[in-house]
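Coordinates in review
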Amino acid sequence: MPMSRTSKVVLAVVGVIAALVIVGFLLLAVIFSAFREHEPAVADHSVLVLKVGGPLPDHAVDDPVARMFGAQTNSLASLLTQLRKAKADKRVDAVLLDIDFVATGWAKADEIRDAVADFRTSGKPVYAYMEYGADKELYIASAADRVYVAPIGDLFINGLAAQAMFFRGSLDKLGVYPDFFQIGKYKNAPDSYTRKEMSEPHREVVNAVLDDHFNRYVSNLAAARKKSPEDIVALINRAPVSARDAEAAGLIDGALYREQVETELKKRIGYKEDEKLKTVTGSDYRRVSQESLGLNEGDRVAVIYASGIINSGQSDDGSFGGEQMAGSDTLVKAINDARDDKSVKAIVLRVDSPGGGSYPSDLIWQAVEKAKEKKPVVASMGDLAASGGYYVSMNANRIVAQPSTITGSIGVFAGKPVIKGFYDWIGVSTEYVLRGENAGMFRETEPFTDKERERFESLVKSFYYDDFLPKVAKGRGKDVEYIDSVAQGRVWTGAQAKERGLVDEFGGLDRAVEVAKELAGIPADKSVRRVIYPAPRTFFERFFDTEGAAEAKARREQQALLNSLPEDMRRAFRYARVFDRMKHGEVMAMLPFELTIE
């Protein structure tokens, strides 16, 4: 029986679709084949060129497909790994740091400087080049043997400034009243909502932290450039400084263009004048395995990243423009898996977090406590490990931080936004029908009654006095009264925290791994293999987010909107999200202010 015209059309459409599917699969197969991890050819006497710039999150998955789509994020871990490999690689004669604006905190800047200093112990030179820069860029560059700036460039080394934002004026205009309660003289987080300016305790802490950062910046820069601290301060006070003036003052080694810097580097490592400099980019050098250089072998040490605000649920690695989030479900499972894996000899918990919810923070603390029964746990603090970030670190066998890490903030706050004025303004009315004396505690249109406030404050006080302080005291081997005296919500730098027994020693992730080795009884001359927990997901797994696709899609859409706004507005919306989380009474263990020091 002959086919009808409709049947022929349907058959043709099905055939085309099938052909497209087959072609798609073949294309994917070709892509995966092309992007398999083949190590690049690195010529003898090469110079490794490393880009240093951007936000540099602690860790980002190194995925060949992500590189193909231009979605590969440069991370601090990757940067430090490249330097560690180049130190051992006989084919690499030198490193050239190509420095752009760095959007990290000062602790990560110190970690990069430490890694550069470690590389230099190999006897190989490190040159730093930038077109122009500010305080942090020069600070990182100063760890190199030679520092160069383009002749047209300027150094905006104007000194350090700390900024705090206050939203009480906006809330008043919107008819929103912040009904908050805090524990600790210095727990100033509610001030962002309840005040229009810094309180005296707030100002005291910011000044102390800023002084500590500025003094360390000046003294380290002076030592690196063989100048006196007074000379450095004088240069800062007349900034911006042109490249020519910076060279004349000995702040840099030359005002040169990039090609001229490469010529200088060729002379340094023994190239002939007419030879072309052999370079390998950091993106290509990533594909050189550590194992091929005799690194990252031996007993296994688990590295677990707790990056971003601490929340319940799954972690978010910040892929595709999102913000990183440390989810308690993800972290507890990772710690438990590393604890139960007999091949893992020690655990390093890398914390870069301003804190977050008290409940998820406590779940992570408990996982660390149980893990310690089987193997050592070392906390490595990044830029931030404050409040909830300190909570998840405080019971580790050892705490390692940079002198410029922001930590402490041992205190809590809670409350609710009362939005009756806003509802009145837009003409919305509400009524409640209640059962139970405290059923209306979290009504969004009414402040706490005296009885509700008494009950709520007792809850917050119980968390601080019966949980937070005793657990810090136990973890740090101190009495509760002493911990309370250095707590009170006060923020400390890593250096200040070490003086007060809240931190054990200085260093970055590399030092934390060495400490973990020591505690696990692994000989100092033996290398270890760092294993990331949980196992990194592929680009496609992260893009389609098979673990909670709807939530991931919503986060990406929200983040796309936020990314279109100026930074200060993005910061305001981040505070608004915290504000929203508190309306059901969640006790927050967060950094008391967003401390940005630039």
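Residues numbered from 1 in each chain as written. Predicted model: local features only at pLDDT ≥ 70, side-chain atom pairs only at ≥ 80, totals over all residues. Heavy atoms only, no water.

The next thing to look at is the side chain of arginine 286. Within the fold, arginine 286 resides in the loop between α12 (282–285) and β12 (299–307). For arginine 286, a relative accessible area of 14% puts it in the buried group. One polar contact links arginine 286 to asparagine 74, side chain to side chain, over a distance of 3.0 Å. (Helix = DSSP H or I, 4+ residues; strand = E, 2+ residues; numbered from the N terminus. Buried < 20%, exposed > 50% of the residue type's maximum accessible area, 1.4 Å probe, protein only. Polar contact = N/O pair within 3.5 Å; in protein donor to acceptor, adjacent residues only side chain to side chain.)

Here the focus is the sheet that holds strand β9 (residues 241–242). Neighbouring strands of a sheet are bound in pairs by backbone hydrogen bonds; such pairs are parallel or else antiparallel. Spatially, β4-β6-β9 is the arrangement adopted by the three strands of the open sheet, whose pairing is mixed. Both edges of this open sheet fall to β4 (133–134) and β9, since each of them pairs with a single strand only. With two bridges connecting them, strand β6 (residues 154–156) and β9 associate as antiparallel partners. Each residue of the ladder has a partner; that of aspartate 154, found in β9, is serine 242. (Pairing = 2+ DSSP bridges.)

Cis geometry marks the peptide bond from alanine 239 to proline 240, where omega comes out at 0 degrees. On the secondary structure map, proline 240 appears in the loop between α9 (229–237) and β9. Omega for the peptide link from tyrosine 533 to proline 534 comes to -10 degrees, which places this bond in the cis form. Note that proline 534 resides in the loop between β23 (528–533) and α21 (539–544). One non-glycine residue, serine 409, lies in positive phi territory at about 55 degrees. Here serine 409 is to be found in the loop between β19 (406–408) and β20 (412–418). Residue serine 409 is classed as buried on the basis of its relative accessible area, which comes to 0%.

For the rest of this paragraph, the subject is the packing of aromatic side chains. Going through the model one piece at a time under the given rule, you end up with 17 aromatic pairs. An angle of 45 degrees between the planes, with centres 5.7 Å apart, marks the rings of tyrosine 127 and tyrosine 148 as tilted. On the criterion of sequence distance, the pair formed by tyrosine 127 in strand β3 (residues 126–130) and tyrosine 148 in strand β5 (residues 146–149) is long-range, its members being 21 residues apart. Centre to centre, the rings of phenylalanine 442 and phenylalanine 448 are 6.3 Å apart; their planes meet at 80 degrees, and the pair counts as edge-to-face. Phenylalanine 442 sits in the partly exposed class, given a relative accessible area of 32%. (Phe/Tyr/Trp six-rings, centres within 6.5 Å; stacked < 30°, edge-to-face > 60°.)

Here aspartate 110 is to be found in helix α4 (residues 106–120). Buried and unpaired, aspartate 110 has arginine 113 as its nearest opposite-charge partner, separated by 4.7 Å. Apart from the residues lying within four places of it in its own chain, the contact partners of aspartate 110 are Tyr139, Arg216, Asn220, Gln402 and Ser404. (Lys, Arg positive; Asp, Glu negative; His and termini not counted. Salt bridge = Lys/Arg side-chain N within 4 Å of Asp/Glu carboxyl O. Contact = heavy atoms within 4.5 Å.)

By size, the foremost hydrophobic cluster in this structure holds 56 residues, and its most contacted members are Val95, Leu97, Leu138, Leu155, Tyr217, Leu251 and Tyr285. At six residues, α4 tops the list of elements feeding residues into this core. Sequence-distant contacts of valine 95, defined by excluding residues within four places in its chain, comprise Val47, Leu48, Leu50, Leu83, Ala86, Phe119, Pro125, Val126 and Tyr127. Ala367, Val412, Phe448 and Val460 belong to the second largest nonpolar core, which has 53 residues in total. (Core = buried A, V, L, I, M, F, W, Y, C linked by side-chain atoms within 4.5 Å.)

Turning our attention to a nonpolar patch on the surface. A surface patch of nonpolar side chains, about 400 Å² in accessible area, is lined by Leu174, Trp425, Ile426 and Val428. Inspection of the secondary structure puts leucine 174 in helix α6 (residues 168–174). (Patch = residues over 30% accessible without salt bridge, like charges linked within 9 Å, V, L, I, M, F, W, Y side chains within 5 Å. Areas by Shrake-Rupley, 256 points an atom, 1.4 Å probe, with all protein chains shown as cover.)

Once that is clear, we can look at the sheet that holds strand β2 (residues 92–102). Taken in spatial order, the six strands make up an open sheet running β10-β5-β3-β2-β1-β11, and their pairing is parallel. The sheet terminates laterally at β10 (254–255) and β11 (279–281), the two strands that pair on one side only. Two elements, strand β1 (residues 46–54) and β11, share three bridges in a ladder whose sense is parallel. If you follow valine 49 over to β11, its bridge partner there is threonine 281. Here α4 sits on the sheet in contact with β1, β2 and β3, set at roughly 140 degrees to β3. Together, β1, β2, β3 and β5 form the strand contacts of helix α11 (residues 258–268), whose direction differs from that of β3 by roughly 175 degrees. (Axes fitted to C-alpha atoms, helices over the stretch in contact; angles between N-to-C directions.)

Moving on, we come to the pattern of salt bridges. This model, assessed by the stated rule, comprises 43 salt bridges. The shortest N-O distance in the salt bridge between lysine 108 and aspartate 58 comes to 3.8 Å. Remark: aspartate 58 occurs in the loop between β1 and α2 (64–68) and lysine 108 occurs in helix α4; sequence separation between them is 50 residues. The exposure classification of lysine 108 matches that of aspartate 58, with both residues buried. Here arginine 453 ties to glutamate 457 by a salt bridge, and the two come within 3.3 Å at their closest N and O atoms. Here arginine 453 pairs with glutamate 457, and both are found in helix α17 (residues 450–476), just four residues apart, close to one helical turn. What you see here is one network of salt bridges that share partners, running through Asp58, Lys108, Glu111, Arg350 and Asp352.

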